[in-house]
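Residue strings, one per chain:
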Amino acid sequence: MNTIDLIIFALFTLGVVVFGCSFYRKGNTSAEFTQAGRSLPGWVVGMSIFATYVSSISYIGYPGKAFANNWNAFVFSLSIPIASYFAAKYFVPFYRKGGSVSAYTFLEKKFGRWARLYASLCYLLTQIARMGSILYLLAVPMYILMGWNLHVVIIATSIAIILYSMLGGLKAVIWADAIQGIILIGGALLCLGILLFSMPDGPMQAFDLAIHSPQGNKFSLGAFTSDLSTSTFWVCLIYGIFINLQNYGIDQNYVQRYHAAKTDKDARFSALFGGYLFIPVSALFFLIGSVLYSYYTAHTGMLPDEIAAKPDYVFPYFIVHGLPVGLRGLLIASIFAAGMSTVSTSVTSAATIILTDYYKPLVKKSSERQDVFVLRLSSVIVGVIGIIVAIAMLSVESIIDAWWKLSSIFSGGMLGLFLLGILPRRISQTAALLGCILGIIVIAWISLASTMGLPGPHLHEYLAIVLGTTTIFVTGFLLSLFIKGKRKL
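Conventions adopted
- Residues numbered from 1 in each chain as written.
- Predicted model: local features only at pLDDT ≥ 70, side-chain atom pairs only at ≥ 80, totals over all residues.
- Heavy atoms only, no water.
- Buried < 20%, exposed > 50% of the residue type's maximum accessible area, 1.4 Å probe, protein only.
- Helix = DSSP H or I, 4+ residues; strand = E, 2+ residues; numbered from the N terminus.
- Arc of directions from axis to C-beta.
- Contact = heavy atoms within 4.5 Å.
- Phe/Tyr/Trp six-rings, centres within 6.5 Å; stacked < 30°, edge-to-face > 60°.
- Polar contact = N/O pair within 3.5 Å; in protein donor to acceptor, adjacent residues only side chain to side chain.
- Core = buried A, V, L, I, M, F, W, Y, C linked by side-chain atoms within 4.5 Å.

Enquirer: Which residues make up helix α10 (residues 203-211), and what values go with them?
Expert: Of all the residues in α10, the buried ones are Q205, A206 and A210. Looking straight down α10, one finds that the buried residues subtend no more than 130° of arc, so they occupy a single side. Among the structural elements, α9 (150-196) and α13 (264-298) are those in contact with the buried residues of α10.

What follows is the structure, given as structure tokens:
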């Protein structure tokens, strides 16, 4: 790596850490740490929501998927407007009126303590899996660039992220997200421009080669068949609708940002702005992957076989060997921007859940000082667990496939419980509990049957969350017709 590239990358990374730590105040309260004092403008919160979506899973995984296959995974992004609309119209007012910073407080009010613990545990497992995936993808470019040990890069990066998340709280995370989001968009646009104008016969050659690929059209959104055992257009769309409704409706990352906005209007704007911005930017990453295929098809022999066999490595490899000095450092910095913003979000929100859903109910009376200490200690613990998961991810072939499967499993169909909770009809605690148990069984069956050699439903793993959520909701609703009981108000 050229010295100039290294300086650009080092200055950016150090700058983010110093900027985040600058929000540290000795007298900061737990409300400042978890809600940023409800003081932030809508566009900043919206950029943070966008940056939460665009992790290094997007920056490296999306181009890898388009390079190896097609745009099938982009269908996930097409489902976001549905979730954004419901968030702005229903979820934002619901949570801001409720007051509690935890997304799961209302579940306890509706169904009892077990519901809050179930949903918060599912959330923590999902965030740890996400952190591990992203930390792994942060390490890949540095391994390709300089041959640095992946374990060392994962650990060093995690320490930097944990430091500013722990000291600066949510305000530091959101402002850093906004800056990082702008940088990562600029870096991706520059990279696409260089790729297109590096084609021997001009930019249009990139599209022609990708469309007429021997493996099929690289811009294909997937088959429009009714087959539910493969990743068709419909499977990805349904999966995206459920995951994004879950993100906006019951994911602590998003709920916390609704509370951070200055006004209700700012909060609604942030939900729409962050979601809609992700659609063209995710298309940009898939386009980079398709053009990378064309680039290396036109420049035969430039891509080593061992890199081509690992699609997630192709974009970092191009950055190293295909970009001019200076821009190379900026692109690596933008990849780090994507990953650092998402990991810091997971660290802060997971720490908030540990405080609000586990510590405070156990310790009935705690001082403000104790609460802040628990938040910071929890940030460190969650970060360390994320490091362990990231190291375990080193043997994964496609990180986006691994992340989507893990998120589908660990989310546990908690969207179904949330939907039961917001129904105007009274759902008894027993009915909700039985629905969750049956939903978990369905999720485990779809996700693990093939691995354990059991008779399976022959459905794609992405549908685990879909069937799990539906089972919880339908079962809970139907049982409530027969099982009467008081629910907590």
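Let's pick the thread back up.
Enquirer: Can you break down the packing of aromatic side chains residue by residue, with the values?
Expert: With the rule as written, the count across this model stands at 28 aromatic pairs. Centre to centre, the rings of Y85 and F86 are 5.7 Å apart; their planes meet at 80°, and the pair counts as edge-to-face. By relative accessible area, which is 43% here, Y85 ends up partly exposed. Judged by its relative accessible area of 34%, F86 falls in the partly exposed class.

Enquirer: Account for the side chain of R328, with residues named and values stated.
Expert: Secondary-structure assignment places R328 in helix α16 (residues 327-362). From its side chain, R328 meets the backbone oxygen of V320 in a polar contact 3.3 Å long. A polar contact is formed between the side chain of R328 and the backbone oxygen of L323, at a distance of 3.3 Å.

Enquirer: Please give an account of the environment of W43 that cites residues and values.
Expert: Along the polypeptide, W43 turns up in helix α3 (residues 42-53). Distance in space between the C-alpha atoms of W43 and D266 is 7.6 Å, their sequence separation being 223 residues. Excluding residues that lie within four positions of it along the chain, W43 makes contacts with W175, F269 and F273.

Enquirer: Tell me about the nonpolar core, and name the residues and values.
Expert: Membership of the largest hydrophobic core comes to 140 residues, with the highest contact counts inside it found for Y248 and Y258. Once residues within four sequence positions are removed from consideration, Y248 is found in contact with I49, Y53, A83, S84, A87, F91, Y254, Y258, A271, G274 and G275. Judged by nonpolar contacts, the second largest core, of five residues, contains F33, A351, V374 and L375.

So yeah, pure geometry; function would need other evidence.
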